[in-house]
Amino acid sequence: MLANRPATPTNITMTEDLDHRFSSLTWDQIKILDQVLAEVIPIHGRGNFPTLDVKPKDIIHVVKEQLIEKQINVRDIRLNGSTASHILVKQNGTSYKDLDIIFGVELPSELEFQVVKEAVLNCLLDFLPKCVNKEKITAQTMKDAYVQKMVKVSTDHDRWSLISLSNNSGKNVELKFVNSLRRQFEFSVDSFQIILDSILNVYRATDCKLAEDSHPTVIAESMYGDFNEAMDHLKYKLISTRNPEEIRGGGLLKYSNLLVRDFKPADEAEIKSLERYMCSRFFIDFPDVAEQQRKIESYLRNHFIGEEKSKYDYLMTLRGVVNESTVCLMGHERRQTLNMITILALKVLGEQNIIPNAANVTCYYQPAPYISDRNFSNYYIAHGQPPVIYQPYPFHIQMQSGMV
């Protein structure tokens, strides 16, 4: 069971051309991986349903056993995204929120999608406290109580489903079941997947334990392509991607998040060109201003929990990218989007009591005849408050702090 050299993942043919995509974890990285998999994560129930205390390694095992029992072929199991990045490079402050676990499975028909969903929901019953009578609890009840969101994608090229389990602090356990997925990363720094099968085998074996001189070989893969290049980007906080037009939303929101966290473009000239593709794909996927606002607000809720003060910087960074790199919108459409982001930023500041109460601001949405009088002051704010000026369309905001 224990190996002395890198093992070939079950669903990969290792060739000389592909070797650069893979690397073995060091002992220090394996220890961090073990800590992540053994950490107790609360799955919070709605209403009167109790909180489930779940270790990732336990729920992975139970779900895998259920899938095999239901004759769903499991190719491999992987830890994906920011959690994998945290394990590989912890020293640069890389953090993670969602625990993103990928089960490589066969989903040839709609029946298998349904079997996977029911298997996961039935597994949650095992984590209920022993005092709970489980006989009358259905899969639908468990879904309503513990599932934050469910996604199913079934197209010619992409076949996968996602079940995200609720956590009030934003640390959701996300179980993804992938038959095929063309694009599995947004940027090089979140392109890592750690193949868990070897360490999961150790957990199940009673005569094996993790030790520096006796541990399994754990393989990580960069879906970006070059593992060492992606690792350099992660270590030195560099931004790189390719073909962002293939990403739903263009990676625009993630890109702005990286910028606000002090990541820098690996290639300044190239990233400016790619920004245009990011913006174009974002506006293709979310053409309506209301849709754009819902998407941005959802991103803020999911990625800035406990980081309220960073929301304003994020929104203004996003606004700057949209302002500089949007080439696919008509002028008025572009202004509408910029105004929407600006108003969201104002709302964030207002929630932090950084700008004056709206009762102290006079707003003019249409020009009055006397505005042409040079002696007329088009705003009034109570003494001691920084000015916020709402001027006639197009929308502009001026603040002493230089907000816009």
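Cut-offs and rules
- Residues numbered from 1 in each chain as written.
- Predicted model: local features only at pLDDT ≥ 70, side-chain atom pairs only at ≥ 80, totals over all residues.
- Heavy atoms only, no water.
- Helix = DSSP H or I, 4+ residues; strand = E, 2+ residues; numbered from the N terminus.
- Buried < 20%, exposed > 50% of the residue type's maximum accessible area, 1.4 Å probe, protein only.
- Polar contact = N/O pair within 3.5 Å; in protein donor to acceptor, adjacent residues only side chain to side chain.
- Contact = heavy atoms within 4.5 Å.
- Phe/Tyr/Trp six-rings, centres within 6.5 Å; stacked < 30°, edge-to-face > 60°.
- Lys NZ or Arg CZ within 6 Å of the ring centre and 35° of its normal.
- Pairing = 2+ DSSP bridges.
- Axes fitted to C-alpha atoms, helices over the stretch in contact; angles between N-to-C directions.
- Left-handed = near helix turned anticlockwise from the far one by under 90°.
- Nonpolar A, V, L, I, M, F, W, Y, C, P; charged D, E, K, R; others polar.
- Arc of directions from axis to C-beta.
- Salt bridge = Lys/Arg side-chain N within 4 Å of Asp/Glu carboxyl O.

**Student:** What am I meant to see in the side chain of Q193 here?
**Tutor:** Within the fold, Q193 resides in strand β9 (residues 192–195). On the basis of relative accessible area, Q193 is assigned to the buried category, the value being 2%. Among the polar contacts made by the side chain of Q193, one reaches the side chain of N80 at a distance of 3.3 Å. At 2.9 Å, the side chain of Q193 forms a polar contact with the side chain of Q184.

**Student:** Explain the environment of Q66 here, please?
**Tutor:** Topologically, Q66 is positioned in helix α2 (residues 56–69). Between the C-alpha atoms of Q66 and V116, which are 50 residues apart in sequence, the distance is 8.7 Å. Beyond its immediate sequence surroundings of up to four residues, Q66 is in contact with A119, N122 and C123.

**Student:** For this particular structure, what's the right way to read the packing of aromatic side chains?
**Tutor:** Where two aromatic rings form a pair, the distance of their centres and the angle of their planes describe that pair. Counted according to the given criterion, the structure contains nine aromatic pairs. Ring plane angle 80° and centroid distance 6.0 Å describe the contact between F49 and Y146, whose orientation is recorded as edge-to-face. Here F49, found in the loop between β2 (41–43) and β3 (52–54), pairs with Y146, found in helix α5 (residues 139–146); they are 97 residues apart in sequence, far enough to count as distant. Y146 gets classed as buried once you look at its relative accessible area, which sits at 0%. Ring plane angle 80° and centroid distance 5.4 Å describe the contact between F282 and F283, whose orientation is recorded as edge-to-face. Here F282 and F283 have matching classes, each one buried. Joined through ring pairs, the aromatic side chains of F282, F283 and F286 make up one cluster. The ring of Y203 has K57 lying over it, and the distance from NZ or CZ to the ring centre is 4.4 Å. The side chain of R261 reaches across the aromatic face of F304, ending 5.1 Å from its centre.

**Student:** Whenever I open this one, the sheet that holds strand β5 (residues 99–105) confuses me. Can you help?
**Tutor:** Strands pair in a sheet through their backbones, by hydrogen bonds, and they do so in one of two ways: parallel or antiparallel. As summarised here, the arrangement of the eight strands in space is β1-β10-β9-β4-β5-β8-β7-β6, forming an open sheet in which the pairing is mixed. Lying at the two open borders of the sheet, with one neighbouring strand each, are β1 (22–24) and β6 (147–154). Averaged over all neighbouring strand pairs, the angle between strand axes comes to 20°, with direction disregarded. Looking at chain direction, strand β4 (residues 74–80) and β9 are connected through three bridges and run antiparallel.

**Student:** I would appreciate a short explanation of the packing of helix α10 (residues 289–303) against helix α11 (residues 308–325) in the present structure.
**Tutor:** Packed helix pairs are characterised by how far apart their axes lie and by the angle those axes make with each other. Remark: α10 packs on α11, axes separated minimally by 11 Å, with the N-to-C direction vectors making an angle of 145°. As for the relative orientation of α10 and α11, their crossing is right-handed in sense. Here I296, Y299 and L300 of α10 lie close against α11, whose contacting residues are K311, Y314, L315 and L318. Across the contact of α10 with α11, the residue classes break down as six nonpolar, no polar and one charged.

**Student:** Explain α5 to me, please; I cannot follow it from the model alone.
**Tutor:** For an α-helix the count is 3.6 residues per turn, leaving residues at separations of three or four pointing the same way. By the burial criterion, the buried members of α5 are M142, A145 and Y146. Axial view of α5: buried residues confined to an arc of 70°, hence all on one face. Contact partners of the buried residues in α5: β2, β3, α4 (110–124), β6 and β7 (159–165).

**Student:** I keep staring at the pattern of salt bridges and nothing clicks. Help me out?
**Tutor:** Opposite charge on two side chains makes pairing possible when the charged atoms of those side chains draw close. Per the stated rule, a full pass over the model turns up 16 salt bridges. Note that R78 and D76 form a salt bridge whose closest N and O atoms lie 3.2 Å from each other. Classification of R78 as buried rests on a relative accessible area of 5%. Between K311 and E308 there is a salt bridge, with the nearest N and O atoms lying 2.9 Å from each other. Residue K311 and its partner E308 are both found in helix α11; the two are separated by three residues, about one turn of the helix. Look at the salt bridges and you will find they share partners, linking R21, D76, R78 and E221 into a network.

Note that all results are geometric; they support no functional claim without further evidence.
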